Amino acid sequence: MAQAKHITPRAKDFSEWYGDVIEHAQLADYSPVRGAMVIRPNGYRIWELMQRALDEMLRATGHRNAYFPLFIPMSFLAKEAEHVEGFAKEVAVVTHTRLKATGKQGKDAIAVDPSSALEEPLVVRPTSETIIYAMYAKWIQSYRDLPLLLNQWCNIVRWELRTRPFLRTTEFLWQEGHTAHVDEADAEREARLILGIYRRFNEEWLAMPVLTGLKTDSERFAGALRTYAIEALMQDNKAIQAGTSHNLGQNFAKAFNVQYQTAAGGLEYVWSTSWGVSTRLIGGLIMTHSDDNGLVAPPKLAPVQVVIVPIWKTDDEKNQVSATGYRVKEDLEKAGIRVELDLRDTMKPGAKYFEWEGFGVPVRLEIGPRDLASGQVVLARRTGGKAPVPLQEATAAVTKALDEIQASLLAAARERREKNSIRGATKAQFLEFIKGSGGFAYGGFCGDPACEAEIKQQTNATIRLLPDPEFRSKEVPKTCMWCGAPSVAEAVWAQAY
Ligand SMILES: [Zn+2]
């Protein structure tokens with residue numbers, strides 16, 4: 001496999017590499033609007049496949065999709081004090097509804113019509129809690145209306161200053177779930193259920209292993225009682241928050257007066273949750289699996305799972321290998337596999353291999369005249385390895401290869417994560433680790449926000465989460481890794497995107 005000339009190697013500059021992979025795989029492009037990206041068909045297809053899989057999981061657990069408006073009255077944001085503080089610095093505000101011709105030339109030919117000023121400005125949703133609770137106040141009357149389990153797939157705008165494709169963009173796509181419950185226990189159960197679904201989705205579909213756990217107060221969602229998160233470690237040993245699930249308590253219910261009549265006849269505020277994952281997951285997928293030749297897509301989310309590349313010199317050979325190519329394609333499609341047959345005669349096979357590798361296609365089938373003569377095709381894996389398989393067994397061999405690649409990507413990512421994690425570190429070891437290669441550092445935490453802030457200020461590392469029992473170290477830390485005070489919980493630190 002020749003290394004792509006225009007993909008910067010990871011070891012040289014990870015950030016450049018990330019941009020090159022996206023460009024080479026045609027996943028996204030920069031747009032005329034600063035900070036907002038264009039998702040190209042190759043990238044959008046990954047999102048559609050993600051949507052389909054996650055949507056099915058949410059549906060299977062009783063959630064239904066709805067759609068709420070893009071615009072939210074500005075006053076709504078002010079109703080929940082923490083919420084407005086959390087989002088005030090990054091909202092886009094609509095103040096006028098019309099433009100008018102000025103009679104001038106060029107860019108001055110139109111201007112905002114001052115007479116069209118809105119009485120109350122609208123914010124472009126940075127998240128939809130407020131507008132959704134305003135509606136829930138109408139829809140929820142009695143305990144019989146609960147739980148209310150809604151989700152919406154939509155776009156969101158958060159005015160970010162420093163943006164990176166997929167990871168942080170001014171406008172992004174996501175799903176946001178919003179549920180209302182009779183009591184705290186039911187809301188907590190929901191928040192945890194979703195965290196489990198997110199974990200399963202990330203591991204089974206993206207082949208991206210995640211830690212699950214609780215956010216500290218300083219990292220929790222603005223207006224939430226508790227925020228749970230999934231965190232993954234990228235190849236540069238920086239973490240990404242891949243999804244969050246919030247138990248909102250009664251904060252929004254009180255702000256929007258969402259009350260219900262209890263079975264006993266009393267009046268009670270609902271308990272609610274909200275949760276989301278976004279197109280940021282595509283960034284996580286890229287940085288988890290891809291290599292110096294470009295994108296490596298996990299088979300379950302690969303827009304093209306198999307590319308068939310026939311090889312020929314003469315027209316006669318072309319007819320033969322093409323006919324076989326069509327037949328193999330049809331068989332694979334019948335098995336539900338996404339296939340492309342590359343019959344372009346403007347490109348040499350080597351150049352085709354190179355291009356499809358950059359697109360992240362997990363399996364390539366090469367069919368040459370000599371293969372045909374011996375009744376075989378050559379199966380090459382994007383992750384390495386190439387072997388002939390009998391033509392009649394091509395579909396079975398491809399199916400097996402896709403399953404194996406999917407499983408091995410998850411295993412490799414998990415192994416890499418564990419190799420780049422340290423446990424029970426002292427302050428000195430932590431400093432060396434974080435300022436060196438980096439990764440997940442497990443250690444005791446005193447629970448003091450001032451201590452947490454000092455660590456962040458000195459090392460740029462934040463507490464990614466307080467891990468769930470499954471991920472905790474065998475030895476329970478007794479003292480805070482940083483200040484030496486008694487530890488109240490084990491924490492996982494990392495530098496994050
Ligand atoms: Zn401390």
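Cut-off values and rules
- Residues numbered from 1 in each chain as written.
- Predicted model: local features only at pLDDT ≥ 70, side-chain atom pairs only at ≥ 80, totals over all residues.
- Heavy atoms only, no water.
- Pairing = 2+ DSSP bridges.
- Helix = DSSP H or I, 4+ residues; strand = E, 2+ residues; numbered from the N terminus.
- Contact = heavy atoms within 4.5 Å.
- Axes fitted to C-alpha atoms, helices over the stretch in contact; angles between N-to-C directions.
- Donors = N, O, S within 2.8 Å, 3.2 Å for Na, K, Ca; no water.
- Tetrahedral: all angles 85-135°; square planar, octahedral: opposite > 155°, others 65-115°.
- Core = buried A, V, L, I, M, F, W, Y, C linked by side-chain atoms within 4.5 Å.
- Buried < 20%, exposed > 50% of the residue type's maximum accessible area, 1.4 Å probe, protein only.
- Parallel < 35°, antiparallel > 145°, perpendicular 65-115°, else oblique.

Trainee: How should I be thinking about the sheet that holds strand 13 (residues 239–249) in this particular structure?
Mentor: Strand-to-strand pairing in sheets goes through backbone hydrogen bonds, with the strands running parallel or antiparallel. Here eleven strands make up an open sheet; going across it, the order is 3-9-10-16-13-12-11-24-25-23-22 and the pairing mixed. Each edge of the open sheet is held by one strand with a lone partner, namely strand 3 (64–65) and strand 22 (421–423). Along the sheet, helix 2 (residues 41–60) makes contact with strand 3, strand 9 (148–157), strand 10 (171–181) and strand 16 (271–278), crossing strand 9 at roughly 165°.

Trainee: Mind showing me how you'd approach the coordination of the zinc ion here?
Mentor: In an ideal tetrahedron of four donors about a metal, each angle is 109.5 degrees. In an ideal octahedron of six donors, the angles are 90 or 180 degrees. Bound to the zinc ion on the protein side are Cys 446 (SG), Cys 451 (SG), Cys 480 (SG) and Cys 483 (SG), at distances that span 2.3 to 2.4 Å. Considering all four donor atoms around the zinc ion, the spread of angles at the metal, 104 to 114°, places the coordination shape in the tetrahedral class. In the primary structure, the donors to the zinc ion are separated according to the pattern C-x4-C-x28-C-x2-C. With Cys 446 in the loop between strand 23 (440–445) and helix 14 (449–459) and Cys 480 in the loop between strand 24 (462–467) and strand 25 (489–494), this pair connects stretches of sequence that are 34 residues apart.

Trainee: What should I look at first to understand the nonpolar core in this one?
Mentor: Membership of the largest hydrophobic core comes to 55 residues, with the highest contact counts inside it found for Met 50, Leu 54, Phe 166, Ile 286 and Met 287. The biggest single contributor to this core is helix 2, with eight residues. When near neighbours in sequence (up to four residues on either side) are disregarded, Phe 166 contacts Tyr 18, Ile 22, Leu 27, Ala 28, Met 37, Ile 39, Thr 279, Arg 280, Ile 282, Gly 283 and Ile 286. One finds Val 339, Leu 341, Val 389 and Leu 391 within the second-largest nonpolar core, a separate group that totals 26 residues.

Trainee: Can you walk me through the pairing of strand 9 in this structure?
Mentor: When a strand is regular, its side chains alternate between the sheet's two faces. With respect to burial, strand 9 is a largely interior element, nine of its ten residues being buried. Two elements, strand 3 and strand 9, share two bridges in a ladder whose sense is parallel. Residue pairing across strands places Arg 64 opposite Leu 150, the latter belonging to strand 9. Relative to strand 10, strand 9 runs antiparallel, the two being bridged by ten bridges. Paired with Trp 153 across the two strands is Gln 175, which belongs to strand 10.

Trainee: Honestly, the packing of helix 2 against helix 8 (residues 280–289) in this entry has me stumped. Any pointers?
Mentor: For any two helices packed against each other, one specifies the crossing angle of their axes together with the interaxial distance. Viewed as axis vectors pointing N to C, helix 2 and helix 8 meet at an angle of 105°, and their least axial separation amounts to 10 Å. When the interaxial angle is binned, helix 2 and helix 8 end up roughly perpendicular. When helix 2 is examined against helix 8, the residues Gly 43, Ile 46, Trp 47 and Met 50 are found in contact with a partner set consisting of Leu 281, Ile 282 and Leu 285.

Trainee: Looking at this structure, how should I read the pairing of strand 21 (residues 386–390)?
Mentor: Both strand 20 (residues 376–381) and strand 21 contribute to a ladder of five bridges, which runs antiparallel. Across the sheet, Val 377 pairs through a bridge with Val 389, a residue of strand 21.

Coordinates in, geometry out; function isn't part of it.
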